[in-house]
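A closer look at the structure
Listed here are the chains, written in short residue letters.
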Amino acid sequence: MGVLTRNIDLFVHHFANTLKLFAVSGIASLLLGIFLAMLRVSPVPVFRGAGTLYVTVVRNTPLTLVFVFFVFAYPYLEIIKFEFFTAAVVALSLYTSAFVCEVVRSGINTVPVGQAEASRALGLTFTQMLGSIVLPQALRSVVPPMVSTFIALLKNTTVAAGFSVREAGAIRDALSELGEDTLTGMLWVAAIFVLLVMPLTYLQRVLEKRWSVAR
Amino acid sequence: MRVRTLAAVLLAGGLALTACGKEGTGTDTGAPAGVFDVAKDVKVEGSPTFEKIKARGSLVVGVKEDQPGLGYKDPTTNKYTGFDIDMAKLIAAQLGFAEDKIQFKTIQSAAREQAIINGDVDYYVGTYSITAARKEKVSFAGPYYIAGQDLLVKKDNTDIKGPDTIKSKKVCSVTGSTPAKLLRDKKLVEPDANVVELQSYSLCVTKLLDGEVDAVSTDDAILKGYAAAEPDKLKVVGQTFSTEKYGIGLPKDDKALRDKVNEILEKSLSDGKWDEIYKNTLGKSGSEGKHPTLEKY
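None of these values were measured; they are calculated from a predicted model. (Residues numbered from 1 in each chain as written. Chains lettered and ligands numbered in written order. Predicted model: local features only at pLDDT ≥ 70, side-chain atom pairs only at ≥ 80, totals over all residues.)

So, about the overall build of chain B. Within chain B one finds 10 helices and 13 strands. A separation threshold of at least 6 residues defines the contact pool for chain B, and within that pool the share at least 24 residues apart is 75%. (Helix = DSSP H or I, 4+ residues; strand = E, 2+ residues; numbered from the N terminus. Contact = placed C-beta atoms within 7 Å.)

In structure tokens:
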């Protein structure tokens, strides 16, 4: 307990940054992931190819390398300068969106193809068909894997500690320099992560109940 | 051109990830440097550690392997070089052991006290600050070097002259480290985001050379090590704003050995050996080396 109470400011400050990272990159990767899934099921071969290429490359790259790219290599391209926090958000969002894309796509595949054909027969465009027929049904069936993806994102934010974002992953280093017992400190970090994941699991349960469909 | 630099950096990033990043290897100490006359028939009355060394016939010295110019292990040749290494060799020679009788052992910062207590190493030389808390577990000879937090900047930089001139600059240090904390706590750098924290000093130096940060801050000895590797690109400002006394870590209560090592250090300060070692290693940075005052106890 002492480690936590003596360094409460440190814990609060660092976990606040963790949550900030999680919130911003969570929203960004959800939007980008759905967009990518739309690309992957679109009738245009070029779009499908682009979506597949993106998922293959990004999903198969270790997150740390994605970070290394945006923090150390990207600046050489001299496009837009990122602050370290922004770079972390970009890396996390691009990485997680590949997973979100696959989750959403698996949901889309659960919607019988007859529904898409029926909506086309009714004269809906591709976007209308996806937006009002397929995606609403697809998203409700992917709640559990989607929540898992976001839990993974929450924990993945700790990678940013190595790239100048002072969040939960940096607590151990700070404690070690303060001469505190790092092992106890790490246990507290783990415990707080469990606490943070609990609302997400609760959200999963609520959504599953509310959106459940009789089949 | 941009693409090529990008490829090079990606490659370097990959290497760093596999833990074989080797920035700043240019710290060769030269062939004759680091070789010292070996003393004969050395006796250290009443030192259990020395008895143990004698019986073994060789020395085990704890060092660091990731600090260019201080304690650095070349990954290709497995040879150790640097100021701390030469200091360790000098002490070994004065204790009667030639270089081929020294076995260097890399010990990480957090494991130092335990390695000395367990007897895994006979003595430890590696940016080991003398503190009251550590003195309860081990003992220290020295200090053999008095370091302090300083700033490493590009050679052509003229506007950073000391700790008061970095207010709105970007300054890099290692994640969660004491130097980074000091920069924040003393409000030397503002806002918080201007203190950049990366995994290693090598990465900070890379960012400095790329012009993405304005300075790197930690103990001047470590900074001089990097400056010594690239003296025409980097320089150490030379205005220290904290004090760290580097000592030789020894087993606690082995006063006989501690006195002997202090005697060796004292002699090296008076006969020019200390200056020779400094000149061959950290001195290449272009910064002067100041003699420490020994604190015997």
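Considering the arrangement of structural elements, one finds Val206(A) in helix H10 (residues 182-211). It is 33 Å that separates the C-alpha atoms of Val206(A) and Ile171(A), two residues lying 35 residues apart in sequence.

Bringing the UniProt feature "domain: Solute-binding protein family 3/N-terminal" (unreviewed entry) in chain B into the picture now. Feature annotation in UniProt places "domain: Solute-binding protein family 3/N-terminal" (unreviewed entry) on residues 58-285 of chain B, given in this structure's numbering. The annotated region residues 58-285 of chain B carries 32% helix and 26% strand content, and the separation between its end C-alpha atoms amounts to 33 Å. (UniProt positions renumbered as here; feature names shortened; annotations may be inferred.)

Now for the sheet that holds strand E10 (residues 195-198) of chain B. Residues and elements named next belong to chain B. One open sheet holds the 5 strands; their spatial order is E10-E9-E11-E8-E12, and the pairing between them is mixed. For this open sheet the edge positions go to E10 and strand E12 (234-236), each flanked by a neighbour on one side alone. Between one strand and the next, the sheet's axes are offset by a mean angle of 30 degrees, whatever the strand orientation. Strand contacts of helix H6 (residues 178-185): strand E8 (149-154), strand E9 (171-174), E10 and strand E11 (215-219), with the helix running at about 140 degrees to E9, the strand carrying the most contacts. (Pairing = 2+ DSSP bridges. Axes fitted to C-alpha atoms, helices over the stretch in contact; angles between N-to-C directions.)

UniProt records the feature "domain: Ionotropic glutamate receptor C-terminal" (unreviewed entry) for residues 58-284 of chain B in the present numbering. Counting secondary structure, residues 58-284 of chain B comes out at 33% helix and 26% strand; the distance between its end C-alpha atoms is 31 Å.

With 27 residues, helix H5 (residues 84-110) of chain A should reach 39 Å at 1.5 Å per residue; the first-to-last C-alpha distance of 39 Å fits that figure. When you tally the buried positions in H5(A), you get 19 out of 27 residues, the bulk of the element. (Expected span 1.5 Å × (residues − 1). Buried ≥ 20, exposed ≤ 12 C-beta atoms within 10 Å, placed from the backbone.)

The next point concerns the domain arrangement of chain B. Residues and elements named next belong to chain B. In terms of domains, chain B is made up of domain 1 (25-146 + 246-285) and domain 2 (149-236). With 13 residues of domain 1 in contact, the opposing surface of domain 2 contributes 11 residues. Tallied by class, the residues present in the side of domain 1 that touches domain 2 amount to 4 nonpolar, 8 polar and 1 charged. (Domains from an automatic or database assignment. Nonpolar A, V, L, I, M, F, W, Y, C, P; charged D, E, K, R; others polar.)

Glancing now at the interface of chain A and chain B. The extent of an interface is frequently quoted as the accessible surface area lost upon association of the parts. Taken together, the contact pairs 23 residues of chain A with 21 residues of chain B. When residues in the side of chain A that touches chain B are grouped by element, the largest group, 6 residues, is from helix H4 (residues 63-73) of chain A. Tallied by class, the residues present in the side of chain A that touches chain B amount to 13 nonpolar, 5 polar and 5 charged.

Here the focus is the nonpolar core. Counting 128 residues, the largest nonpolar core has Val61(B), Leu152(B), Val216(B) and Ile248(B) as its most contacted members. At 14 residues, H5(A) tops the list of elements feeding residues into this core. When residues are assigned to domains, this core turns out to be shared by domain 1 (25-146 + 246-285) and domain 2 (149-236) of chain B, each giving three or more. Apart from the residues lying within four places of it in its own chain, the contact partners of Leu152(B) are Leu208(B), Ala215(B), Val216(B), Leu223(B), Tyr226(B), Ala227(B), Leu234(B) and Val236(B). (Core = buried A, V, L, I, M, F, W, Y, C linked by C-beta atoms within 7 Å.)

The next point concerns unusual backbone geometry. Between Gly142(B) and the following residue, Pro143(B), the backbone shows a cis peptide bond with an omega angle of 5 degrees. Among the structural elements, Pro143(B) can be located in strand E7 (residues 138-147). A positive phi is found at Ser164(A), a non-glycine position, where the angle reads about 65 degrees. Among the secondary structure elements, Ser164(A) is positioned in the loop between helix H8 (143-156) and helix H9 (171-177). Accessibility expressed as a C-beta count within 10 Å gives 28 for Ser164(A), which makes it buried. In the Ramachandran plot, Asp253(B) falls in the positive-phi region, its phi being about 65 degrees despite a non-glycine side chain. Along the chain, Asp253(B) falls in the loop between strand E13 (244-251) and helix H9 (255-270).

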